[in-house]
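Breakdown of the fold
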Amino acid sequence: MNENKNNDGIIAFFDRNKWKIIIPAALILMAAIMILNINSKKKYDIYALYIGSQFVDTMVHEDFTSALAEFTEGDFYDDGEINVSFSPMLYLTQDDMDRYDENDLYYNRQTNVETLQEFYRTIAVGTYIVIMMDDIVYEELKAKETPVLAPLLDIFTEVPENAFDEYAFYLKDTPLGAKLSENSDLPFPENTVICVRSFPYIASMVGKEEKQKQYDYQIELFKNITCESVKDTND
């Protein structure tokens, strides 16, 4: 009898206070899930972007990210891992499309246009710092009224001898290109250039100090992958 009264009392108490119990419990659960997601989210040390006619399969992707990691000077987050976010975009220039037409190869012209638009949007945001691209795309990007590429003179004391111009290198003429070609042909077209984005304006608005540190970390990486004399000095 007493047990039934106790059970009735517990049920009545819960009925009167259920929202006072459920809402805080739900908030605690949501907070725990958010913290778990934040802690489990992968932190990337390096952000690299490619746009060009080379289809990047899993093997090329892994070889490229592994090669990049070898040129770093420690990991940015000091967590024992060097994580690379590498985003390849398949894009055909007019010369590429002409070649496809001559060989009866399929491509989607509309998708191609959308890829270039997505590339420009991605560049504008400024998440990706190390940029590789077809030299025709590079010339178009360089001609834009709003400059987004960092001049080499902002990075080196003088333009390195192996540079293509004042902003970029041909990948094939760099230590990174040599590394990628050690066991096979260079996995990217010979007209692929590599350069870096200037420090993005958006990044300067929120959390500038941390973003500047990571940008500087990637600039040091860029120096190592493009100029042999810099790499030798750091070794």
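Note: the structure precedes this text.
Residues numbered from 1 in each chain as written. Predicted model: local features only at pLDDT ≥ 70, side-chain atom pairs only at ≥ 80, totals over all residues. Heavy atoms only, no water.

A tally of regular secondary structure across the chain gives eight helices and five strands. Reading the chain from its N terminus to its C terminus gives the helix and strand order α-β-α-β-α-α-β-α-β-α-β-α-α. Buried residues in the chain amount to 40% of all 235 residues. The long-range fraction of contacts in the chain, counting pairs at least 24 apart against all pairs at least 6 apart in sequence, stands at 71%. Here the chain has roughly 14500 Å² of accessible surface; of this, 54% comes from carbon and sulfur atoms. (Helix = DSSP H or I, 4+ residues; strand = E, 2+ residues; numbered from the N terminus. Buried < 20%, exposed > 50% of the residue type's maximum accessible area, 1.4 Å probe, protein only. Contact = heavy atoms within 4.5 Å. Areas by Shrake-Rupley, 256 points an atom, 1.4 Å probe, with all protein chains shown as cover.)

Contact geometry of helix α4 (residues 109–125) with helix α5 (residues 135–142) gives a least axis separation of 13 Å together with a crossing angle of 55 degrees. One finds that α4 runs oblique with respect to α5. When the axes of α4 and α5 are compared, the crossing they make is right-handed. In this structure, α4 contributes L116, F119, Y120 and I123 to the contact, and α5 contributes V137, E140 and L141. (Axes fitted to C-alpha atoms, helices over the stretch in contact; angles between N-to-C directions. Parallel < 35°, antiparallel > 145°, perpendicular 65-115°, else oblique. Left-handed = near helix turned anticlockwise from the far one by under 90°.)

Function-wise, these values are silent; they only describe arrangement.
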